[in-house]
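# Overview (structure and organization)
Residue-level listing of the chains:
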Amino acid sequence: ESDAGDYTCMCGDKQSTASLAVHALPMFFKEELKNEEVQEGASVSLRCELTKAAPVQWKIGSRVLKASDKYQMRQLGTTAELVIRDTEVKDA
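If you're wondering where the values come from, they're calculated on a predicted model, not measured in any experiment.

The next point concerns the environment of E37. Mapped onto the fold, E37 is located in the loop between β3 (29-31) and β4 (44-50). Each C-alpha atom of the pair E37 and Y71 lies 17 Å from the other, and the pair is 34 residues apart in sequence.

In C-alpha coordinates:
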(Lines give C-alpha, C1' and ligand atoms only; values in the text may rest on other atoms or scores of the structure.)
Protein backbone atom coordinates (compact mmCIF):
# COMPACT_ATOMS: atom_id res chain seq x y z
CA GLU A 1 0.00 0.00 0.00
CA SER A 2 2.90 2.37 0.64
CA ASP A 3 3.78 2.19 -3.09
CA ALA A 4 0.49 3.87 -4.05
CA GLY A 5 0.71 7.37 -5.47
CA ASP A 6 1.44 9.43 -8.58
CA TYR A 7 4.48 8.44 -10.64
CA THR A 8 6.09 10.67 -13.25
CA CYS A 9 8.48 9.90 -16.10
CA MET A 10 10.37 12.98 -17.30
CA CYS A 11 12.46 13.55 -20.40
CA GLY A 12 13.66 17.12 -20.86
CA ASP A 13 10.61 19.39 -20.61
CA LYS A 14 8.17 16.55 -21.37
CA GLN A 15 6.54 14.39 -18.75
CA SER A 16 3.98 11.67 -18.35
CA THR A 17 2.21 10.95 -15.05
CA ALA A 18 0.17 7.98 -13.89
CA SER A 19 -1.54 7.15 -10.62
CA LEU A 20 -0.92 3.77 -9.01
CA ALA A 21 -3.52 2.28 -6.64
CA VAL A 22 -2.56 -0.76 -4.58
CA HIS A 23 -5.37 -2.86 -3.12
CA ALA A 24 -4.37 -4.71 0.05
CA LEU A 25 -4.77 -8.46 0.05
CA PRO A 26 -6.74 -9.83 2.97
CA MET A 27 -4.62 -11.12 5.80
CA PHE A 28 -5.15 -14.58 7.24
CA PHE A 29 -3.36 -17.06 9.46
CA LYS A 30 -0.81 -19.13 7.60
CA GLU A 31 -0.20 -21.10 10.80
CA GLU A 32 -2.75 -20.91 13.59
CA LEU A 33 -2.21 -21.22 17.33
CA LYS A 34 -1.96 -24.78 18.63
CA ASN A 35 -3.41 -26.10 21.89
CA GLU A 36 -0.79 -26.59 24.60
CA GLU A 37 -0.63 -28.36 27.97
CA VAL A 38 1.97 -27.53 30.62
CA GLN A 39 2.59 -28.23 34.27
CA GLU A 40 1.85 -25.42 36.71
CA GLY A 41 4.94 -23.22 37.14
CA ALA A 42 6.32 -23.94 33.67
CA SER A 43 6.63 -21.50 30.80
CA VAL A 44 4.79 -21.91 27.52
CA SER A 45 5.11 -20.32 24.10
CA LEU A 46 2.11 -19.73 21.83
CA ARG A 47 3.00 -18.92 18.22
CA CYS A 48 1.13 -18.07 15.02
CA GLU A 49 2.14 -16.96 11.53
CA LEU A 50 0.30 -14.45 9.35
CA THR A 51 0.38 -14.12 5.58
CA LYS A 52 1.91 -10.63 5.95
CA ALA A 53 3.47 -8.61 8.74
CA ALA A 54 0.88 -6.76 10.80
CA PRO A 55 0.52 -5.76 14.45
CA VAL A 56 -1.23 -8.33 16.64
CA GLN A 57 -3.02 -8.13 19.98
CA TRP A 58 -2.96 -10.97 22.50
CA LYS A 59 -5.99 -11.70 24.71
CA ILE A 60 -7.16 -14.22 27.25
CA GLY A 61 -10.93 -14.28 27.01
CA SER A 62 -11.89 -10.63 26.55
CA ARG A 63 -8.90 -9.26 28.53
CA VAL A 64 -6.13 -7.69 26.46
CA LEU A 65 -2.69 -8.80 27.64
CA LYS A 66 0.10 -6.30 28.26
CA ALA A 67 3.82 -7.07 28.24
CA SER A 68 5.06 -7.79 31.77
CA ASP A 69 7.31 -10.16 33.71
CA LYS A 70 4.63 -12.81 33.14
CA TYR A 71 3.76 -12.11 29.48
CA GLN A 72 6.39 -11.55 26.83
CA MET A 73 5.25 -10.69 23.32
CA ARG A 74 7.56 -10.93 20.33
CA GLN A 75 6.99 -10.41 16.66
CA LEU A 76 9.48 -11.07 13.91
CA GLY A 77 8.06 -10.34 10.49
CA THR A 78 4.97 -12.49 10.02
CA THR A 79 5.48 -14.63 13.15
CA ALA A 80 3.92 -13.54 16.46
CA GLU A 81 4.75 -15.24 19.76
CA LEU A 82 3.40 -15.00 23.31
CA VAL A 83 5.47 -16.47 26.13
CA ILE A 84 3.66 -17.03 29.44
CA ARG A 85 6.04 -17.50 32.35
CA ASP A 86 5.34 -19.25 35.64
CA THR A 87 1.95 -20.56 34.53
CA GLU A 88 -0.87 -20.89 37.03
CA VAL A 89 -4.19 -22.78 36.79
CA LYS A 90 -5.94 -19.44 36.17
CA ASP A 91 -3.86 -19.01 32.98
CA ALA A 92 -5.80 -21.83 31.30
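Following the structure, the description resumes.
A cluster of nonpolar side chains, namely Y7, L20 and V22, defines an oily patch on the protein surface of about 260 Å² accessible area. Here L20 is to be found in strand β2 (residues 14-20). L20 gets classed as partly exposed once you look at its relative accessible area, which sits at 37%.

A few words now on the pattern of salt bridges. In this structure the tally under the stated criterion is six salt bridges. Put simply, R47 and E81 hold a salt bridge, and the shortest N to O gap is 2.8 Å. Taken as a pair, R47 in strand β4 and E81 in strand β8 (residues 79-84) lie far apart in primary sequence, 34 residues in all. Here R47 falls in the partly exposed class, since its relative accessible area comes to 44%. Taking the relative accessible area as the measure of exposure, E81 reaches 11% and is therefore buried. Each of R47, R74 and E81 takes part in salt bridges that share partners, so that together they form one network.

Here we come to the sheet that holds strand β7 (residues 71-76). In spatial order, the strands read β3-β4-β8-β7; together these four strands make up an open sheet with antiparallel pairing. For this open sheet the edge positions go to β3 and β7, each flanked by a neighbour on one side alone. Along the sheet, successive strands turn relative to each other by an average axial angle of 30°, direction set aside. In terms of strand pairing, β4 meets β8 through six bridges, oriented antiparallel. Note that in β8 the partner of S45 across the bridge is V83.

Rules used in this analysis
Residues numbered from 1 in each chain as written. Predicted model: local features only at pLDDT ≥ 70, side-chain atom pairs only at ≥ 80, totals over all residues. Heavy atoms only, no water. Helix = DSSP H or I, 4+ residues; strand = E, 2+ residues; numbered from the N terminus. Patch = residues over 30% accessible without salt bridge, like charges linked within 9 Å, V, L, I, M, F, W, Y side chains within 5 Å. Areas by Shrake-Rupley, 256 points an atom, 1.4 Å probe, with all protein chains shown as cover. Salt bridge = Lys/Arg side-chain N within 4 Å of Asp/Glu carboxyl O. Buried < 20%, exposed > 50% of the residue type's maximum accessible area, 1.4 Å probe, protein only. Pairing = 2+ DSSP bridges. Axes fitted to C-alpha atoms, helices over the stretch in contact; angles between N-to-C directions.

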